[in-house]
Amino acid sequence: MSGFVVEVADVSKRFRLYHERNQSLKASVMRGRRARYDEFWALRDVSIEVLEGTTFGLIGENGSGKSTLLKCMARILRPDKGEIVTRGKISALLELGAGFHPELSGRENVYLNGSILGLSRRQLNTRFDEIVAFAGLEKFIDTPVKNYSSGMYVRLGFSVAINVDPDLLLIDEVLAVGDAEFQRRCSDKFAELRAKGKTIVIVTHSLQTVREMCDQVALLEHGVLRAVGPAKEVVDRYLGDVFGEDDSTRIDSADGLNVERIEMLNASGLAVESVRTGEPVVLRLHYAAEDTVDQPVFGVSVHSLDGIEISRPTTNGAGVMVPPLHGEGSVDFGIDRLLLLPGTYDITATLGSGAISNGPPDRDHALRITVELGDAAEEHGLVSLGGHWEVAGNGRAR
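Right, let's walk through the structure included here.

Scoring rules and cut-offs
- Residues numbered from 1 in each chain as written.
- Predicted model: local features only at pLDDT ≥ 70, side-chain atom pairs only at ≥ 80, totals over all residues.
- Heavy atoms only, no water.
- Helix = DSSP H or I, 4+ residues; strand = E, 2+ residues; numbered from the N terminus.
- Buried < 20%, exposed > 50% of the residue type's maximum accessible area, 1.4 Å probe, protein only.
- Contact = heavy atoms within 4.5 Å.
- Areas by Shrake-Rupley, 256 points an atom, 1.4 Å probe, with all protein chains shown as cover.
- Pairing = 2+ DSSP bridges.
- Core = buried A, V, L, I, M, F, W, Y, C linked by side-chain atoms within 4.5 Å.
- Axes fitted to C-alpha atoms, helices over the stretch in contact; angles between N-to-C directions.

### Focus on the overall build of the protein
Then, in step 1: For the protein, the count of helices and strands is eight helices and 20 strands.
Then, in step 2: Per-residue burial over the protein gives 45% buried out of 398 residues.
Then, in step 3: The long-range fraction of contacts in the protein, counting pairs at least 24 apart against all pairs at least 6 apart in sequence, stands at 71%.
Then, in step 4: For the protein, the computed accessible surface area is about 20,400 Å², with 48% contributed by carbon and sulfur atoms.

### Here we look at the pairing of strand β8 (residues 216-221)
Then, in step 1: Summarising the sheet, strand β3 (residues 55-59) and β8 pair through four bridges and their orientation is parallel. Looking at the pairing, G57 lines up with V217 of β8.
Then, in step 2: Here six bridges tie β8 to strand β9 (residues 224-230), and the two strands are oriented antiparallel to one another. Pairing of Q216 across the sheet is with P230, part of β9.

### Some details on the nonpolar core
Then, in step 1: By size, the foremost hydrophobic cluster in this structure holds 29 residues, and its most contacted members are F298, I347 and I369.
Then, in step 2: Among the elements of the structure, β10 (257-265), β13 (281-293), β14 (296-304), β16 (325-335), β17 (343-353) and β18 (361-372) are those that each provide at least two residues to this core.
Then, in step 3: No other element matches the six residues that β13 contributes to this core.
Then, in step 4: Core analysis: the second largest hydrophobic core is formed by 27 residues, L93, L169, I202 and V234 among them.

### Points about the sheet that holds β10
Within a sheet, neighbouring strands are paired by backbone hydrogen bonds and run either parallel or antiparallel to one another.
Then, in step 1: Pairing in this open sheet of four strands is antiparallel, and the strands run β11-β10-β13-β16 from one edge to the other. Strands at the two margins of the open sheet, each flanked by one partner only, are β11 (271-272) and β16.
Then, in step 2: Two strands pair when backbone bridges link them, and β10 and β11 are joined in this way by two bridges, in the antiparallel orientation. Bridge assignment links L265 to a residue of β11, and that residue is A271.

### Things to note about the sheet that holds strand β1 (residues 4-18)
Then, in step 1: Taken together, the three strands give an open sheet; going across it, the order is β2-β1-β4, and neighbouring strands pair in antiparallel fashion. Only two strands of the sheet have a single partner each, and these edge strands are β2 (37-51) and β4 (81-86). Strand-to-strand twist of the sheet, defined as the mean angle between neighbouring strand axes without regard to direction, takes the value 25 degrees.
Then, in step 2: When β1 meets β4, the two strands line up antiparallel, connected through five bridges. Directly across from V6, in β4, lies its bridge partner T86.
Then, in step 3: Where helix α2 (residues 66-73) meets the sheet, it contacts β1, β2 and β4, and its direction lies at approximately 65 degrees from that of β2.

Here it is as structure tokens:
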């Protein structure tokens, strides 16, 4: 790493929120006054630095200024105060289908979007097959993009953005739309870009993504920079603010108990990361307790990649009283039939004490699993209901 790729110095950005706007010169004359508005500061005196070759995350609640800051980095918006300096070629994927013309085909939009990002036609000719293959749109590349699904839009836009060989890649919360296979390709591509020394700045609500991908993280709140530092520290602070976490509601390393890792075991007792719908599995939480811990409460939280919590079973909720723990061991959560439908999911540990079982996830120890097609009759949604159909007079239908 030779220095900073992005330097944000005391940046502020304001917008006008109009109560009523004069739509024409006539309206302005008739009213005899200017349109009334309030000033809204989306960013206030924000300063951050992004080192070359690192992945930097921007987190915070909706309206915190994350996307505004990213657009300022991409020079789509100009700060009202302060300065942003970037170095190298920038590629940005800031919103669904940005830069696409709906009436043009996927092929035509690849060349249009690629030229906007600075590639010559010769360069695009060389990379075209790779772009289309990454997006998985070989069959639809000559179809107008107005007929694409949201997932197809994202895949093509992202594929063009990362194949321009940028020095700095800016991404704003668009990857959750892709399917499991596309998510895997994205993860591999991110690893490849980082190995090449590329710099990535990402805005996302997925704290699991932040923990897995980011070296440094900035936490924004109402346009003000609240924290910046290593991903684990900043995400833990954010979770503490959101959940009102304190020592009385969560067992963490300060209390001497940690979940070191999670693994998923198949019917043969082997640790795996891929199973089929309907198969039995065991989620095993490996813990370490420095001192004796009374009344621990363990749980697992299952999330889809777009952040939807599907389930959070706990020992306390199941009426299982865990005895005092000391030293190392494991806690198993057995599932007779896994009813998750095909897709990719994140498994995290939750910890609590006494009757507390709904504390924030201990996201340090997440496991990402893939569920493949199994014996479920359902094709849509997140889970199988595991039921059966019956038609009166005609027996059972499945």
